Protein chains: 2
Amino acid sequence: MLWDVVLWSGRRGARDVQRIRPRVASAALTRVDFTELVPEPISFLGRAAYIQLEAFEALARAVTTAPTLAAKEGLSSAAGVALRKHHALIAEVRRAGAEPVEVMAPFTPVTDELRAATARADWYELLLTIHITTGMLDDFFGRLAEGLPADLAARVRVILDERGTDGVLKHELERAIAEQPGLADRLALWGRSLVGDALLIARSALRAAEPPGRGDDDVEPVFTELIAEHTRRMDALGLTA
Amino acid sequence: MLWDVVLWSGRRGARDVQRIRPRVASAALTRVDFTELVPEPISFLGRAAYIQLEAFEALARAVTTAPTLAAKEGLSSAAGVALRKHHALIAEVRRAGAEPVEVMAPFTPVTDELRAATARADWYELLLTIHITTGMLDDFFGRLAEGLPADLAARVRVILDERGTDGVLKHELERAIAEQPGLADRLALWGRSLVGDALLIARSALRAAEPPGRGDDDVEPVFTELIAEHTRRMDALGLTA
């Protein structure tokens, strides 16, 4: 299956994303109705909360290693947004009568690859990692939330819709790309290498929400769309996706 | 002047704190009236905001390096408290028509020693560093705020009064001290070494707020009190201050 190349081969498979995308996109695929997916509420919340915690940690590292106080200050706001999302989702876990740490624990391995990539990133790669992965995953979890019970879905939507990380990340990246020759090429490569890690997380969440009888083929359009958005995000920075 | 030993000699002088404390405490010192001190509002806010940013960064590092997900989760709340204080103080800087980054910039050198100590701390030393220094400095800035214009003083008081960091830090430290032989001695030594760095920051803020004609002798009781509180904080953990 073509998508397995993208989803499971890790870093080396990143180049394949580009080659495969146009082919998949041109196929006559119907848009997946996210409301057909039924995430188990507590698992969904634990998963989404853990991802925000990871995003927070990455942003906090970007704050600490920021080259200027202005960048530090801007990024601290972004870190605050991720942390608020995390704690709001944790509050929903508690409201549902579950223990946040127990609920999040099963989802720590699925972010291993992304965490390892983040750990070896320099500051600009770190900013791009956060920009790309929170962009993809916030969108994805926001749409997956449509399958939750209506009142919970509405609250989760409000939580995930808070913006405030993108501005500072784009601003710092754009400035650096304009000033540092060669950075655009390096970041383009880095950005491509992240797609597999982010899709791994999305696929894991999607599999857990699939109703019986659905196969991988049914959810492919979801990934096509995520990758298309990723491409637009990279384009906006002048980077080749 | 005796206090200079404590305040300026850095890490090596930490042992002197103990030797000097009883002597100063037993002198007939009147309690300093903090309302006689007149901090320049914008500088005060920049200084206090920067210290919360430092506290946030230290807490964020504690989150990232936490040995368990439960510790990570508890510390993430504490990091959120420091970040809220930072952003609320930044909002006051903006409200006063000033630019936060410019206002904070002059105060970055005064935390150099503390930042260097934090950087070489292991996880338990890091938790103690945060517990000790935020304890001393939140108290201190809260009282120094009494000399601000009344409406601003009231708002700053509300900002700095938010609690929520101490519980998790104490909990993790107490558990580790109970479980790991030798840790109490190591942490006691570490705690003593931090006092000078925290007092350096307090003294710098105090000097900036002193009315003309006041000398260092007048503010010594402030430090006596800060150290007495520090001793109580160490005692509560079963550590020799």
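Residues numbered from 1 in each chain as written. Chains lettered and ligands numbered in written order. Predicted model: local features only at pLDDT ≥ 70, side-chain atom pairs only at ≥ 80, totals over all residues. Heavy atoms only, no water.

## Some details on the overall build of chain A
Each helix and strand counted, chain A has 11 helices and zero strands in total. Seen in sequence order, chain A has helices and strands lined up from the N terminus as α-α-α-α-α-α-α-α-α-α-α. Across chain A, the fraction of contacts at a sequence separation of at least 24, relative to all contacts at a separation of at least 6, is 82%. Taken as a whole, chain A presents about 9,900 Å² of accessible surface, with 54% of it coming from carbon and sulfur. (Helix = DSSP H or I, 4+ residues; strand = E, 2+ residues; numbered from the N terminus. Contact = heavy atoms within 4.5 Å. Areas by Shrake-Rupley, 256 points an atom, 1.4 Å probe, with all protein chains shown as cover.)

## What to know about the side chain of Glu 57 of chain B
Structurally, Glu 57 of chain B is set in helix α3 (residues 41-64). At a separation of 3.5 Å, a polar atom in the side chain of Glu 57 of chain B contacts the side chain of Arg 115 of chain B. Residues contacting Glu 57 of chain B, with those up to four places away along its chain left out, are Val 63, Thr 64 and Lys 72 of chain A together with Arg 115 of chain B. (Polar contact = N/O pair within 3.5 Å; in protein donor to acceptor, adjacent residues only side chain to side chain.)

## A word on the environment of Ala 55 of chain B
Residues and elements named next belong to chain B. By the element assignment, Ala 55 lies in helix α3. Assessed through its relative accessible area of 10%, Ala 55 is described here as buried. In the structure, Ala 55 is positioned 43 residues away from Ala 98 in sequence and 22 Å away in space, judged by C-alpha atoms. Here Ala 55 is in contact with Ala 82 and Thr 134, once residues within four sequence places are set aside. (Buried < 20%, exposed > 50% of the residue type's maximum accessible area, 1.4 Å probe, protein only.)

## Some thoughts on the interface of chain B and chain A
At the interface, 24 residues of chain B touch 24 residues of chain A. Here chain B packs against chain A, burying approximately 1,800 Å² in sum over the two surfaces, 70% of which is carbon and sulfur. Inspection of the region where chain B meets chain A yields two salt bridges. In this structure, Glu 57 of chain A engages Lys 72 of chain B in a salt bridge whose closest nitrogen and oxygen atoms are separated by 2.9 Å. For the side of chain B that touches chain A, the secondary-structure elements that each account for two or more residues are α3, α4 (69-95) and α5 (100-104) of chain B. Counting residues per element, the side of chain B that touches chain A draws most heavily on α4 of chain B, which supplies 12 residues. (Buried area = accessible area lost by both parts, 1.4 Å probe. Salt bridge = Lys/Arg side-chain N within 4 Å of Asp/Glu carboxyl O.)

## Observations regarding the environment of Glu 57 of chain B
Take Glu 57 of chain B: its relative accessible area is 6%, and that puts it in the buried class. With 22 residues separating them in the primary sequence, Glu 57 of chain B and Ala 79 of chain B have C-alpha atoms 7.9 Å apart.

## Quick word on the pattern of salt bridges
In total, this model carries 30 salt bridges over all chains according to the counting rule given. Salt-bridge contacts for Glu 54 of chain B lead to Arg 115 of chain B; the nearest nitrogen and oxygen are separated by 2.8 Å. Of this pair, Glu 54 of chain B sits in helix α3 while Arg 115 of chain B sits in helix α6 (residues 112-119), placing them 61 residues apart in sequence. Owing to a relative accessible area of 13%, Glu 54 of chain B belongs among the buried residues under this scheme. Residue classification places Arg 115 of chain B among the partly exposed positions, given a relative accessible area of 29%. When the shortest N-O distance is used, the salt bridge between Glu 225 of chain B and Arg 143 of chain B registers 2.5 Å. Placement of the pair is Glu 225 of chain B in helix α11 (residues 216-236) and Arg 143 of chain B in helix α7 (residues 123-144), with a sequence separation of 82 residues. Its relative accessible area of 23% is what places Glu 225 of chain B among the partly exposed residues. Here the salt bridges share partners, and the residues they tie into one network are Glu 54, Glu 57 and Arg 115 of chain A together with Lys 72 of chain B.

## A short note on the layout of surface pockets
Here the largest pocket is characterised by a volume of approximately 430 Å³. Contributing to the lining of the largest pocket are 25 residues, with Glu 54, Glu 57, Ala 58, Arg 61 and Thr 118 of chain B lying nearest its centre. Looking at the lining of the largest pocket, the elements with two or more residues in it are α3 (41-64) of chain A together with α3, α6 and α7 of chain B. No other element matches α3 of chain B, which puts nine residues into the lining of the largest pocket. Taken as a whole, the second largest pocket holds about 320 Å³ of empty space. For the second largest pocket, the lining is made up of 20 residues, of which Glu 54, Ala 55, Ala 58, Arg 115 and Thr 118 of chain A are closest to its centre. Looking at the lining of the second largest pocket, the elements with two or more residues in it are α3, α6 (112-119) and α7 (123-144) of chain A. Broken down by element, the residue count for the lining of the second largest pocket peaks at seven residues, all from α3 of chain A. Considering only residue class, the lining of the second largest pocket consists of eight nonpolar, seven polar and five charged. (1 Å grid on protein atoms, 1.4 Å probe; cavity = no way out; pocket = protein on both sides within 12 Å on 5 of 7 lines; lining within 4 Å. Points joined across faces, edges and corners; volume = space filled by probe spheres on them. Nonpolar A, V, L, I, M, F, W, Y, C, P; charged D, E, K, R; others polar.)

## Overview of helix α10 (residues 183-209) of chain A
The end-to-end C-alpha distance of α10 of chain A is 39 Å, a good match for the 39 Å that 27 residues give at a rise of 1.5 Å each. With respect to burial, α10 of chain A is a largely interior element, 20 of its 27 residues being buried. (Expected span 1.5 Å × (residues − 1).)

## Re the nonpolar core
Phe 56 of chain A together with Phe 56 of chain B are the most contacted members of the largest nonpolar core, which has 160 residues in total. Not counting residues within four places of it along the chain, the set of residues in contact with Phe 56 of chain A comprises Ala 79, Ala 82 and Leu 83 of chain A together with Phe 56, Ala 60, Val 63 and Ala 79 of chain B. (Core = buried A, V, L, I, M, F, W, Y, C linked by side-chain atoms within 4.5 Å.)

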